[in-house]
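# Structural characterization, general
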Amino acid sequence: MPSALRVVLAEDAVLLREGLVGLLARFGHEVVAAVGDADALRAAVAEHAPDLVLTDVRMPPGFQDEGLRAALALRADRPGLPVLVLSQYVQRSYAAELLDTGDGTGVGYLLKDRVGQVEQFVEAVERVASGGTVVDPEVVRRLLRRRRDPLERLTPREREVLALVAEGRSNGAIARDLVVSEAAVGKHIGNILGKLDLPPADDSDTHRRVLAVLAYLRA
């Protein structure tokens, strides 16, 4: 079991906020502060220095993107701070903005409906806290229906692999999902990175995968 995480939670809906506190506690994680607006979120992070920030996008007073803006500001002030953002709606620009912060690692964007899939949600929390990148599968599915540069250079199988990369899957997990070898997955990912004209292979593989996801989100 992963080490217990100290989480700052920002969610204005009281029932969901309390539900998330209880859910994380079930899996051994501690919500050190549970707040209802962006200003309180920033103050709580300054006070508690958490392992992870879990925040809604839309919060008081304007119910626009205050939570997202606070998350972006926190990432700018504290590079590497893991942030998982929850949203009611599919909005790929939100995910792209998060991935643009720092080197794009330790960030996630999930729909609130995903909370109901308890084990997958907690896995996403733990993955982001450990430096991984998670994009909601529904965002990925919607993007799969769009074929515009630079993704039109990819084969159907390569787009399928990139969709799973965008969900934060490891090569081993992708291989199991597609019932192929890890070597085959590695070859597909190498082809994807080459076709998207990403940095040379001596750069961090994690960073290159994040850049591939960014290209996917912006396509």
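Along every chain, residues carry numbers that run from 1 in the direction the sequence is written. Local features are withheld for residues below a pLDDT of 70 in this predicted model, meaning they are given only at 70 or higher, and side-chain atom pairs are given and counted only at 80 or more; totals for whole chains, interfaces and linings count all residues. Side-chain numbers come from the whole structure's heavy atoms, not from hydrogens or water.

The protein goes by Response regulator in an unreviewed UniProt entry, where it is assigned to Streptomyces aureus.

### Some details on unusual backbone geometry
The step from Pro60 to Pro61 runs through a cis peptide bond, and the omega angle for that step is 5°. Here Val179, not a glycine, exhibits a phi torsion of approximately 55°, which is positive.

### Digging into the side chain of Ser87
Selection rule: Working definition: helices are DSSP H or I runs of at least four residues, strands are E runs of at least two. Numbering for both runs from the N terminus. Between N or O atoms, a polar contact is any pair within 3.5 Å; within protein, one atom must be a potential hydrogen donor and the other a potential acceptor, and residues adjacent in sequence are included only when both atoms are from side chains.
Tracing the backbone through its elements, the reader meets Ser87 in strand 4 (residues 83-87). Within the structure, Ser87 has its side chain in polar contact with the side chain of Tyr109 (distance 3.4 Å).

### Observations regarding the sheet that holds strand 2 (residues 30-35)
Think of a sheet as strands paired side by side through backbone hydrogen bonds, with each pair either parallel or antiparallel. To keep things clear, this is the line we draw: When DSSP finds two or more bridges between a pair of strands, those strands are recorded as paired. Axis geometry follows a simple rule: fit a line to the C-alpha atoms, using only the stretch in contact for helices, then measure angles between N-to-C directions, giving values from 0 to 180 degrees. Contact between two residues is taken to exist if any of their heavy atoms lie within 4.5 Å; hydrogens are not considered.
Spatially, 2-1-3-4-5-6 is the arrangement adopted by the six strands of the open sheet, whose pairing is parallel. This sheet does not close on itself; its edge strands, each paired only once, are strand 2 and strand 6 (133-135). Ignoring strand direction, the axes of neighbouring strands in this sheet form an average angle of 20°. Taken strand by strand, helix 1 (residues 14-26) contacts strand 1 (6-10), strand 2, strand 3 (52-56) and strand 4, and its axis lies near 175° from that of strand 2.

### Details of the side chain of Glu11
Heads up, the rule is: To sort residues, take the accessible area from a 1.4 Å probe on protein chains only and compare it with the maximum for the residue type: under 20% means buried, over 50% means exposed, and anything in between is partly exposed.
Along the polypeptide, Glu11 turns up in the loop between strand 1 and helix 1. Residue class for Glu11 comes out buried when judged on its relative accessible area of 1%. Polar contacts involving the side chain of Glu11 include one to the main-chain amide nitrogen of Ala13, which spans 2.9 Å. Among the polar contacts made by the side chain of Glu11, one reaches the side chain of Lys112 at a distance of 3.1 Å. With residues near it in sequence (within four places) discarded, Glu11 still touches Leu16, Arg17, Val35, Gly36, Asp56, Met59 and Lys112.

### Considering the pattern of salt bridges
As a reminder of what qualifies: Salt bridge, as applied in this entry: a Lys or Arg side-chain nitrogen positioned within 4 Å of an Asp or Glu carboxyl oxygen.
All told, the structure shown has eight salt bridges when counted by the stated rule. When the shortest N-O distance is used, the salt bridge between Lys112 and Glu11 registers 3.1 Å. Of this pair, Lys112 sits in the loop between strand 5 (107-111) and helix 5 (118-129) while Glu11 sits in the loop between strand 1 and helix 1; the two residues are 101 residues apart in sequence, bridging distant segments of the chain. Here Lys112 and Glu11 have matching classes, each one buried. Measuring nitrogen to oxygen at the nearest pair gives 2.6 Å for the salt bridge that ties Arg127 to Glu123. Linking Arg127 with Glu123, this pair stays in helix 5, spanning four residues, or about one helical turn. Of the residues examined, Glu123 reaches a relative accessible area of 42% and is grouped as partly exposed. Salt bridges here are not isolated pairs; linked through shared partners, they connect Glu11, Asp56 and Lys112.

### Digging into the environment of Val32
Among the structural elements, Val32 can be located in strand 2. As for Val32 and Arg6, which are separated by 26 residues in sequence, their C-alpha atoms are 6.1 Å apart.

### Things to note about the packing of helix 1 against helix 5
As a reminder of what qualifies: Here roughly perpendicular refers to angles of 65 to 115 degrees, roughly parallel to angles under 35, roughly antiparallel to angles over 145, and oblique to all remaining angles. As a working rule, the residues Ala, Val, Leu, Ile, Met, Phe, Trp, Tyr, Cys and Pro are called nonpolar, Asp, Glu, Lys and Arg charged, and the rest polar, with Gly in that last group.
Running from N to C, helix 1 and helix 5 point in directions that differ by 80°, and their axes come no closer than 11 Å. Here helix 1 is positioned roughly perpendicular relative to helix 5, judged by the angle of their axes. Between helix 1 and helix 5, the residues in contact are Leu20, Leu23, Leu24 and Arg26 and Val118, Phe121, Val122 and Val125, respectively. Of the residues belonging to the contact of helix 1 with helix 5, the class tally is seven nonpolar, no polar and one charged.

### Quick notes on helix 3 (residues 66-77)
Selection rule: Helix span, as expected, comes to 1.5 Å for every residue beyond the first.
For helix 3, spanning 12 residues, the distance from its first C-alpha to its last is 16 Å, which sits close to the expected 16 Å at 1.5 Å a residue. Within helix 3, the full set of buried residues consists of Glu66, Gly67, Leu68, Ala70, Ala71, Leu72, Leu74 and Arg75.

### Describing the environment of Val115
As for its position among the elements, Val115 is in the loop between strand 5 and helix 5. Given the relative accessible area of 13%, Val115 is considered buried. Residues Val115 and Leu16, spaced 99 residues apart in sequence, show a C-alpha to C-alpha distance of 9.5 Å. Beyond its immediate chain neighbours, meaning those up to four positions away, Val115 contacts Leu20, Leu23, Leu86 and Phe121.

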